[in-house]
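Residue strings, one per chain:
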Amino acid sequence: MSEEHQESYHSDNLIDLMNYTLTNDHLQLLKKLGEMAAKLRMNLFLVGGTVRDMLRGVPGGDLDLVIEGDALAFSQNVANVLGGKVKHHEPFATATWVGAENLKLDIVSARAESYAKPGALPTIRHSHITDDLARRDFSINAMAIHLHPASYGQLVDPFHGRHDLTNGLIRILHSQSFIDDPTRLFRGVRFVSRFNYRFEQKTANLALATQPALTNALANVSPERIVHELKLLCHETDPVSSFSKLEDLHVWQALLGLTFSSSSATHLSRLQEEQNGEPLHWFQAIATVGFLEDNWKASLVPFAITSMEQRFLQNIEDIQKRLTNMTRFSTDYLHKQLYQVPEEPLRFYALSSGEEMQKVLDLYLHQRKQLQPLLTGHDLMELGMKPSPLFKECLLLHECEQLKGTIENKQDALQFAREFFNQKQRL
């Protein structure tokens, strides 16, 4: 590394902090890797969330490394010297090494990035650590720790990330950051909520100023990348706050043409309460945005990537159509209309409803769960009935009568079936 680059850094030595937050296995590995890189005349750095969390006093997690040189060749050298297995990801000049006792690290060549158009994946070229840090999302994630024996433990902080950590600020690195990669808005909101930080004022202004271009930028982002960010948001402790902040930044309007209103926030909060501490499902979370607005389903279709999500949308549409036309809401009548709809979309719909409808649907779901049908197709055949579409109708109607309380035992159920088929034969 040149002296010119070194002088540009705000530097502190973090050896004591590393000893406090990293395991002995990780410390020994990092020292060894720094020595190996130095012998190859390369500079190696610890980067990313581990550095950020270390400065927050949080024990280190995954080891992400950047090398000023060929990451693929260096990772292979690591495997040759230390054993373990290495997997190369050649298009991105990255590698993953797994050693004994599940020691794992990701190694990336230092690189610079450029964007052909807003929201697109970047074009990359090999570079040095300052360029590599400059391509990151926020200053608190744009720090590194030198692992070269001569500079071991030195903090590399060209964007004053440590200052922003101390002051609880989320700051982007350049004015085009949100346009180059609008998923940074999701990540920024996630960090604001997780750490109870705030957007630095210029960053907040730029987030709002991107609105005219944000819709076009998001159109260039694949649904899979958006889904990845949504999954991470839903694993945070307060997704409702994150979704509300994204509404304040007009992200939902740009992405879906929908609004995360106060009723959406209530719906999402109810869903979270039902999870009993488990993470929300990302698709149900995004489905609360503008729920049942005119273009709600059409807006979510691009994100319904799997058949499960596609069925969920169809189930919600079916529930809406059936309930809209209903004038009776007794449990037996609801069962006749909704028996094919799975519990999950029904719960989702119920939690979006007013108090009275929620009680009605809650009662139906509870009684449906307790229902133990007294008739089977085998019973109908033993009565001398030939299999036909009438079997399905008879079995459904007997369940409705059970829910209503007019069928209480097996004899009642068999008598119902006889009368049902006798009536059908007379028609």
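My aim in this report is to walk through the structure given alongside it, one point at a time. (Residues numbered from 1 in each chain as written. Predicted model: local features only at pLDDT ≥ 70, side-chain atom pairs only at ≥ 80, totals over all residues. Heavy atoms only, no water.)

Concerning the sheet that holds strand E8 (residues 144-146)
Stage number 1. An order of E3-E4-E5-E2-E1-E8-E9 is seen for the 7 strands of this open sheet, with the pairing classed as mixed. Among the strands making up the open sheet, the edge pair consists of strand E3 (85-89) and strand E9 (155-156).
Stage number 2. Strands in contact with helix H3 (residues 24-39) are strand E1 (44-47), strand E2 (63-67), strand E4 (94-98) and strand E5 (104-109); relative to E2, the strand with the most contacts, it is inclined by about 10°. (Pairing = 2+ DSSP bridges. Helix = DSSP H or I, 4+ residues; strand = E, 2+ residues; numbered from the N terminus. Contact = heavy atoms within 4.5 Å. Axes fitted to C-alpha atoms, helices over the stretch in contact; angles between N-to-C directions.)

Topic: the side chain of Ser-242
Stage number 1. Secondary-structure assignment places Ser-242 in helix H13 (residues 239-248).
Stage number 2. Its relative accessible area of 0% is what places Ser-242 among the buried residues.
Stage number 3. Beyond its immediate stretch of four places on either side in the chain, Ser-242 contacts Val-189, Arg-190, Ser-193 and Leu-233. (Buried < 20%, exposed > 50% of the residue type's maximum accessible area, 1.4 Å probe, protein only.)

Overview of the pattern of salt bridges
Stage number 1. Taken as a whole and assessed by the stated rule, the structure comprises 21 salt bridges.
Stage number 2. The network of salt bridges with shared partners includes Asp-137, Asp-181, Arg-187, Arg-190, Arg-225 and Glu-229. (Salt bridge = Lys/Arg side-chain N within 4 Å of Asp/Glu carboxyl O.)

Observations concerning unusual backbone geometry
Outside of glycine, negative phi angles account for most residues, and trans bonds account for most peptide bonds.
Stage number 1. You will see that His-160, though not glycine, has its phi angle at about 60°, which is positive.
Stage number 2. Structurally, His-160 can be placed in the loop between E9 and helix H7 (161-167).
Stage number 3. Not every positive phi belongs to a glycine, and Leu-292 is a case in point at roughly 65°.
Stage number 4. The residue Leu-292 is located in the loop between helix H16 (282-287) and helix H17 (296-300) in this model.

Let's talk about the environment of Glu-68
Stage number 1. Within the secondary structure, Glu-68 is located in the loop between E2 and helix H5 (71-82).
Stage number 2. Once the C-alpha coordinates of Glu-68 and Phe-45 are considered, the two residues, 23 residues apart in sequence, prove to be 8.6 Å apart.
Stage number 3. Of the polar contacts made by the side chain of Glu-68, one reaches the backbone nitrogen of Ile-129; its length is 2.8 Å. (Polar contact = N/O pair within 3.5 Å; in protein donor to acceptor, adjacent residues only side chain to side chain.)

A word on the nonpolar core
Stage number 1. Within the largest apolar cluster, 98 residues are counted, with the highest numbers of intra-cluster contacts made by Met-18, Phe-186 and Trp-252.
Stage number 2. When sequence neighbours within four positions are dropped, the list of residues in contact with Phe-186 reads Leu-218, Ile-226, Glu-229, Leu-230, Leu-233, Leu-246, Val-251, Trp-252 and Leu-255. (Core = buried A, V, L, I, M, F, W, Y, C linked by side-chain atoms within 4.5 Å.)

A short note on the packing of aromatic side chains
Stage number 1. The full count for this structure, using the stated rule, is 15 aromatic pairs.
Stage number 2. On the basis of an interplanar angle of 85° and a centroid distance of 5.9 Å, the ring pair of Phe-283 and Phe-312 is categorised as edge-to-face. With Phe-283 in helix H16 and Phe-312 in helix H18 (residues 307-324), this residue pair connects regions lying 29 residues apart in the sequence. When sorted by exposure, Phe-283 lands in the same class as Phe-312, which is buried. (Phe/Tyr/Trp six-rings, centres within 6.5 Å; stacked < 30°, edge-to-face > 60°.)

Structural notes on helix H23 (residues 389-404)
Stage number 1. End to end, H23 covers 23 Å across 16 residues, agreeing with the expected 22 Å (1.5 Å per residue, within 8%).
Stage number 2. Within H23, the full set of buried residues consists of Phe-391, Cys-394, Leu-396, His-398, Glu-399, Cys-400, Glu-401, Gln-402 and Leu-403.
Stage number 3. Against helix H19 (331-338), helix H21 (355-370), helix H22 (377-382) and helix H24 (410-426) lie the buried residues of H23.
Stage number 4. Just beyond H23, the residue with positive phi is Gly-405, at close to 100°. (Expected span 1.5 Å × (residues − 1).)

Comments concerning the packing of helix H12 (residues 223-234) against H13
Two measures define how a pair of helices packs: the angle their axes make with one another and the distance between the axes.
Stage number 1. Relative orientation of the contacting elements H12 and H13 amounts to 135°, with a least axis distance of 9 Å. It follows that H12 is oblique to H13 by the angle criterion. Together, Leu-230, Leu-233 and Cys-234 of H12 and Pro-239, Ser-242, Phe-243 and Leu-246 of H13 make up the contact between the two elements.
Stage number 2. Here the contact of H12 with H13 is built from residues that sort into 6 nonpolar, 1 polar and no charged. (Parallel < 35°, antiparallel > 145°, perpendicular 65-115°, else oblique. Nonpolar A, V, L, I, M, F, W, Y, C, P; charged D, E, K, R; others polar.)

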